[in-house]
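# Structure at a glance
Listed below, chain by chain, are the residues.
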Amino acid sequence: MPELRYFEAVNQALQEELARDERVFILGEDVGLAGGTFRVTDGLMAEFGSRRVRDTPIAEAAIVGIAIGAAMSGMRPIAELMTMNFGIVAMDQIVNHASKMHYMFGGQVTLPLVIRAPGGGWTQKAAQHSHCIESWFVNTPGIRVVIPSTPYDVKGLLKTCIRSEDPILFIEHEMLYSTRGEVPEEEYLLPLGVAEVKRPGRDVTIVAWSKMLHEALKAAELLANEGIEAEVVDPRTLDPLDMDTILGSVLRTRRAVIAEEGWRNVGMGAELAARLQEHLFYDLEAPVQRVAAADVPTPYARNLERLALPNAQRIVEAVLKITL
Amino acid sequence: MPVPLADQLQLYRNMALIRRFEEGVAEAYAEGFIGGFTHLYIGQEAVATGAISAINHDDYVIGTYRDHAHALVREISPRALMAELYGRVTGVCKGKGGSMHFCDPERYFMGGYAIVGGNLPLAVGLALSIQMRNEDRVVMAFLGDGASNQGVFHESLNMAKLWELPVIFVVENNFYGIATDVRISSAFNEIHRKAQGYGMPGHVVNGMDVIAVREECEEVVKYVRHGSGPVLIEARCYRYQGHSMTDPGRYRSQAEADLWRKRDPIPRLAKQLVQQGLDASRLDAIQREVNEAVQDAMRFAESSPEPPDEALYEDVYVESYGA
Ligand SMILES: Cc1ncc(C[n+]2csc(CCOP(=O)(O)OP(=O)(O)O)c2C)c(N)n1
Ligand SMILES: [Mg+2]
């Protein structure tokens, strides 16, 4: 199987879906002539023209809103937010509009809409440019949240999302774009709502997604040296959420650590921990642990940023706390 | 009123300081001392230098992520700024903000912001505060051409005019928002005329000519300070570097870049000063002085400590409650 980088896998998915369905089009800042801030849309304007790969002004609220309008009238837009941080500018369109309309209008309006946005910290981008806020949107009914961690997943899931009838927030991670992985040459789609066990193990379950999945795999490697076999589960989509796979894993290991890059307070980890105790209270051998970002605006200084953000070492510590 | 020679020399010094500072930043970035997003101001020196020279020290300035120059012209010490870039505790924001978030309220520099357009309503709020407190101050708010397409730009202009607030919007039109040419992002790209939609005067000035910027701003500041309401100034300029340190800037043609290089504001003023009879050795002395200031700032930054671990949880809130 050929190896692709994550950004190339996204590019392929976009290319294939643009070629497959004339209603699909892309709009966003620097997506056309420049080929995307992270090279994700490289070559697409040359192939599909500036009507279908549209450069926009810096106007996130309008970018998402225009995509909604186009989606409700027969198009299948893919709106790109240069980064998740600017999705906050478009929050009203995403939360007040996209996520509500199908329900509020009694099912008469559908929004086959994908909003793509990379998020994440790690390179001293400081407080306004380091957001990992997927949990905000999981908290909002009516919009799906998909957050793949590998080139294989990102391609298969993005293609499915583009063909979906619902509004979907598709969150990539800036630090994952250059990572490599195998991607088959033949077409494939991955279903939403199906988690994957990325590494089997019997002693503890680590649930992690996006960049933290890779930190969790590193942690599992370190733990293996200590004789602890960690199972690493990647939900891949946070809404819909494949609780069955997660519960099945924890039922076997009886211990769970949830690792996320977003803030700890009321984060996705809190939701997962709550569900685990609802279903498995009497099967758990230890309290569910959360590894997450410190509840502070992300600091610039390198040493403080490292303290603020979770990593493999922090995951190892959380596991040791409940396995020793 | 023509700009006095002493002031012209000060303008020269500030532009030279900015350029040298930014060159120092590029070196330190390449050596790994500086991280994150770092946006240089090389090429645009005349705008911040000329504009801020036309206001009083206690008038407010508010900027964007491209904020090094504005902070320097506000006389924040190069040491405190460089240390901020190095992420050190001696930095102007204790190392927490970095390049895009300089701030020094004591010098009425009300911050750099990394969300395009995000600073504009803040500027209007500063002006509202001035009006409500009957203060003799104005606000000078900086933004880029790209920011003039954000919704919040239009909301801010409207309310500034509606309430006749003392704010000057300085649009630094360097013709690009990252890779996007203003001609494909703004339906109406005479940016100064966007002000007219709100009944606000809009002016255009050559942002490569510091004297022109200074003179234009002096007039405008007088008008705004007098209580006549907000004004927008479009300063046409060019950034010589990429958008940020990670951008090679391939979307711009060599011919275009060469053309703007010929308009470099620093040699331009040097030439004018010599024509006015100034001994060129004075300019060399200024260059040496700013070189030394930047070297000193870099040494200071490198030898400063990182923030202590406890700083992570400091300054999230002002007040604490038992928990
Ligand atoms: C709301 C928002 N959208 C997108 C970005 C990414 N971004 C940073 S700077 C920039 C271009 C801004 O161009 P302009 O206003 O002309 O200022 P310049 O950088 O040229 O000084 C963009 C798109 C951002 N920081 N904030
Ligand atoms: Mg610009």
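In this section: the environment of Arg 51 of chain A. Residue and element names in this part refer to chain A. Among the structural elements, Arg 51 can be located in the loop between α2 (44-48) and β3 (53-55). Given a relative accessible area of 67%, Arg 51 falls into the exposed group. In this structure, the C-alpha to C-alpha distance between Arg 51 and Phe 25, residues 26 residues apart in sequence, is 7.9 Å.

Attention shifts here to the sheet that holds strand β2 (residues 139-144) of chain B. All names here are of chain B. Spatially, the 5 strands line up as an open sheet ordered β1-β2-β3-β7-β6, and their pairing is parallel. Of all the strands in the sheet, just β1 (60-62) and β6 (202-206) have a single pairing partner and so form its edges. Pairwise comparison of adjacent strand axes, ignoring direction, gives a mean angle of 20 degrees for this sheet. Alignment of β2 against strand β3 (residues 167-173), held across 6 bridges, turns out to be parallel. Its bridge partner being in β3, Val 139 is matched across the sheet by Val 167. Strands in contact with helix α7 (residues 210-225) are β2, β3, β6 and β7 (231-236); relative to β6, the strand with the most contacts, it is inclined by about 160 degrees.

Let's shift gears to the domain arrangement of chain A. Residue and element names in this part refer to chain A. Assigned domains of chain A: these are domain 1 (3-182) and domain 2 (196-323). Measuring from the centre of the C-alpha atoms in domain 1 to the corresponding centre in domain 2 gives 26 Å. Taken residue by residue, the interface counts 28 residues in domain 1 and 29 residues in domain 2. Together, the buried faces of domain 1 and domain 2 total about 2400 Å²; carbon and sulfur atoms form 57% of this surface. Looking at the side of domain 1 facing domain 2, the largest losses of area belong to Trp 122, Gln 124 and Ile 147, adding up to 31% of the total buried there. Our count for the domain 1 to domain 2 interface comes out at 3 salt bridges. For Asp 153, the salt bridge identified is with Lys 198, shortest N-O distance 2.6 Å. Elements with a minimum of two residues in the side of domain 1 that touches domain 2: α7 (134-138), β6 (144-146) and α8 (151-163). Across the side of domain 1 that touches domain 2, the residue classes tally to 14 nonpolar, 10 polar and 4 charged.

What follows covers the sheet that holds strand β9 (residues 196-199) of chain A. Residue and element names in this part refer to chain A. Reading across the sheet, the 5 strands line up as β9-β11-β10-β13-β14 and stay open at both edges, with mixed pairing between neighbours. Every other strand in the sheet has two partners, leaving β9 and β14 (289-293) as the edge strands with one partner each. Sheet twist, expressed as the mean angle between neighbouring strand axes with direction ignored, is 25 degrees. As defined by bridge partners, strand β10 (residues 204-208) adjoins strand β13 (residues 256-263) across 4 bridges and the pair is classed as parallel. In the sheet register, Ala 208 faces β13, and the bridge partner there is Ala 259.

What counts as what
- Residues numbered from 1 in each chain as written.
- Chains lettered and ligands numbered in written order.
- Predicted model: local features only at pLDDT ≥ 70, side-chain atom pairs only at ≥ 80, totals over all residues.
- Heavy atoms only, no water.
- Helix = DSSP H or I, 4+ residues; strand = E, 2+ residues; numbered from the N terminus.
- Buried < 20%, exposed > 50% of the residue type's maximum accessible area, 1.4 Å probe, protein only.
- Pairing = 2+ DSSP bridges.
- Axes fitted to C-alpha atoms, helices over the stretch in contact; angles between N-to-C directions.
- Contact = heavy atoms within 4.5 Å.
- Domains from an automatic or database assignment.
- Buried area = accessible area lost by both parts, 1.4 Å probe.
- Salt bridge = Lys/Arg side-chain N within 4 Å of Asp/Glu carboxyl O.
- Nonpolar A, V, L, I, M, F, W, Y, C, P; charged D, E, K, R; others polar.

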